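These are the residues of each chain, in order.
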Amino acid sequence: MGIIKLAFVSLKKDLSKSIFYFLTFLLTTIFIFSFFNLTFNPYSGIHLGKDDTTFVTPIAVFVIVIAMLCVFLANNFYVSNKGKEISIILMSGASIYQLGFYLFLQVFTIMLCAIPLGLILGYLLIPTINSGQLFYLSSQTFPATFMILAFEVMWCSMLNLGYCVRSTINSMIHDKNKIDLSGLKGPQITSKVYIILYFVPMILFLFVKDSTSYMFIALFGLIGISGLIKKVLPEYIRKRQKNQSLENPVDLIAY
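What you are looking at is a predicted structure, and each value in this text was computed from that prediction instead of being measured. (Residues numbered from 1 in each chain as written. Predicted model: local features only at pLDDT ≥ 70, side-chain atom pairs only at ≥ 80, totals over all residues. Heavy atoms only, no water.)

A. Expanded view of the overall build of the protein. Each helix and strand counted, the protein has ten helices and zero strands in total. The helix and strand sequence of the protein, counted from the amino end, reads α-α-α-α-α-α-α-α-α-α. Look at the contacts in the protein between residues 6 or more apart in sequence, and 79% of them connect residues 24 or more apart. With an accessible surface of roughly 15200 Å², the protein has 71% of that area assigned to carbon and sulfur atoms. (Helix = DSSP H or I, 4+ residues; strand = E, 2+ residues; numbered from the N terminus. Contact = heavy atoms within 4.5 Å. Areas by Shrake-Rupley, 256 points an atom, 1.4 Å probe, with all protein chains shown as cover.)

Below, the structure is given as structure tokens:
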């Protein structure tokens, strides 16, 4: 059975988990679409971006991050329950990239159903949350929404590929299966790139004026923050411990 056919069979088999993931992404899409349309509505009195003199922009960023975390947690729940399927596919001789494509196909199919429906429902809900013109739809709503959704799809795909790598290693350790790990490492983002992605958005924020540019730049800043926490700082701590703190117990424990 081909990977594509197997992916759709598994999608149908795990219908309850698929519906849960579908509903999570559907509600998140509705929320993000409605939220952006409300903040870009000039009649609402909300000024998102550089002209904001209140706490609207920090709250907006916080709300969007929480919405994305909900999708990431649902994605993790959905994929982590496929350990047996992944083990079977591994034993059948599939590569790590075939596994990644297998998971991506299922997740992308669910998102492909949830996103259009979420946008339609979000549009139908416009009169219930708008002030001023009830059917006002900002031209910035769709670009900003698609930007966030594309970011979610990209990171869900990367997280799923990372899960495949961890599952391969765990299978090799616990089941003593001889699995060829050559070629598993894809292109790696270096610490310097993460540092650049962390600092460059801070500088660009001084020059951009529209809210869509703010959100687009902020996405790269989030990648920089994630890399700084997960890669750059741990590497610095390990080097500091090894090179300067081995003979200083207090310094060693502190780092």
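From this point, the discussion proceeds with the structure in view.
B. Layout of the packing of aromatic side chains. Applying the stated rule across the entire model yields seven aromatic pairs. Between Phe104 and Phe108 the ring centres are 5.5 Å apart and the planes differ by 20 degrees, which places this aromatic pair in the stacked class. Here Phe108 and Phe104 lie together in helix α5 (residues 96-124), a separation of four residues that amounts to about one turn. Overall, the relative accessible area of 31% leaves Phe104 in the partly exposed class. The class for Phe108 is partly exposed, based on a relative accessible area of 36%. (Phe/Tyr/Trp six-rings, centres within 6.5 Å; stacked < 30°, edge-to-face > 60°. Buried < 20%, exposed > 50% of the residue type's maximum accessible area, 1.4 Å probe, protein only.)

C. Just the side chain of Thr141, in detail. On the secondary structure map, Thr141 appears in helix α7 (residues 141-175). Given the relative accessible area of 0%, Thr141 is considered buried. In this structure Thr141 touches Phe33, Phe36, Asn37 and Phe40, once residues within four positions along its chain are discounted.

D. Examining the confidence of the model for the protein more closely. In this model, the protein carries an average pLDDT of 76, and 80% of its residues clear a pLDDT of 70 or more. When pLDDT is averaged over each element of the protein, helix α8 (residues 191-204) comes out on top at 88 and α7 at the bottom at 72. Note that residues 175-186 has pLDDT below 50 and, in this model, 14 contacts with residues that lie over four places away or in other chains. (pLDDT = per-residue confidence, 0-100.)

E. Structural view of empty space enclosed by the protein. For the coordinates displayed, the defined rule picks out one cavity of 30 Å³ or more. Of the volumes computed, that of the largest cavity is approximately 40 Å³. Lining the largest cavity are Phe104, Val107, Phe108, Met111, Val153, Cys156, Ser157 and Asn160. Mapped onto the lining of the largest cavity, the elements with two or more residues apiece are α5 and α7. Tallied by class, the residues present in the lining of the largest cavity amount to six nonpolar, two polar and no charged. (1 Å grid on protein atoms, 1.4 Å probe; cavity = no way out; pocket = protein on both sides within 12 Å on 5 of 7 lines; lining within 4 Å. Points joined across faces, edges and corners; volume = space filled by probe spheres on them. Nonpolar A, V, L, I, M, F, W, Y, C, P; charged D, E, K, R; others polar.)

F. Up close: the nonpolar core. Judged by nonpolar contacts, the single largest core of 53 residues is most densely connected at Tyr21, Phe36, Met111 and Ile148. Within the residue set of this core, elements represented by two or more residues are α1 (3-13), α2 (15-39), α3 (56-80), α4 (83-91), α5, α7, α8 and α9 (211-243). It is α5 that provides the largest number of residues to this core, a total of eleven residues. In this structure Met111 touches Tyr21, Phe25, Pro116, Val153 and Cys156, once residues within four positions along its chain are discounted. (Core = buried A, V, L, I, M, F, W, Y, C linked by side-chain atoms within 4.5 Å.)

G. Summary view of α1. Considered for burial, the residues of α1 that qualify are Ile3, Ala7, Ser10 and Leu11. Within α1, the buried residues cover an arc of 105 degrees as seen down the axis, which keeps them to one side. Along α1, the residues that are exposed and aim more than 90 degrees away from the buried face are Lys5, Lys12 and Lys13. (Arc of directions from axis to C-beta.)

H. Structural context of the pattern of salt bridges. Evaluated as defined, the whole model comprises one salt bridge. Across the salt bridge formed by Lys231 and Glu235, the nearest N and O atoms sit 3.2 Å from each other. Separated by four residues within a single helix, Lys231 and Glu235 lie in helix α9, roughly one turn from each other. Take Lys231: its relative accessible area is 27%, and that puts it in the partly exposed class. (Salt bridge = Lys/Arg side-chain N within 4 Å of Asp/Glu carboxyl O.)

I. Here's a closer look at the environment of Gly100. Among the secondary structure elements, Gly100 is positioned in helix α5. Remark: the alpha-carbon pair of Gly100 and Ser157, spanning 57 residues in sequence, is separated by 7.7 Å.

J. Looking closely at the packing of α2 against α5. Packing of α2 against α5 leaves a shortest axis separation of 8 Å and a crossing angle of 40 degrees. With respect to α5, the axis of α2 lies oblique. In this structure, the crossing between α2 and α5 has a hand that is right-handed. Contact residues: Ser18, Tyr21, Phe22, Phe25, Leu26, Thr29, Ile30, Phe33 and Ser34 in α2; Val107, Ile110, Met111, Cys113, Ala114, Ile115, Leu117, Gly118, Leu119, Leu121, Gly122 and Tyr123 in α5. Taken together, the residues of the contact of α2 with α5 break down into 16 nonpolar, five polar and no charged. (Axes fitted to C-alpha atoms, helices over the stretch in contact; angles between N-to-C directions. Parallel < 35°, antiparallel > 145°, perpendicular 65-115°, else oblique. Left-handed = near helix turned anticlockwise from the far one by under 90°.)

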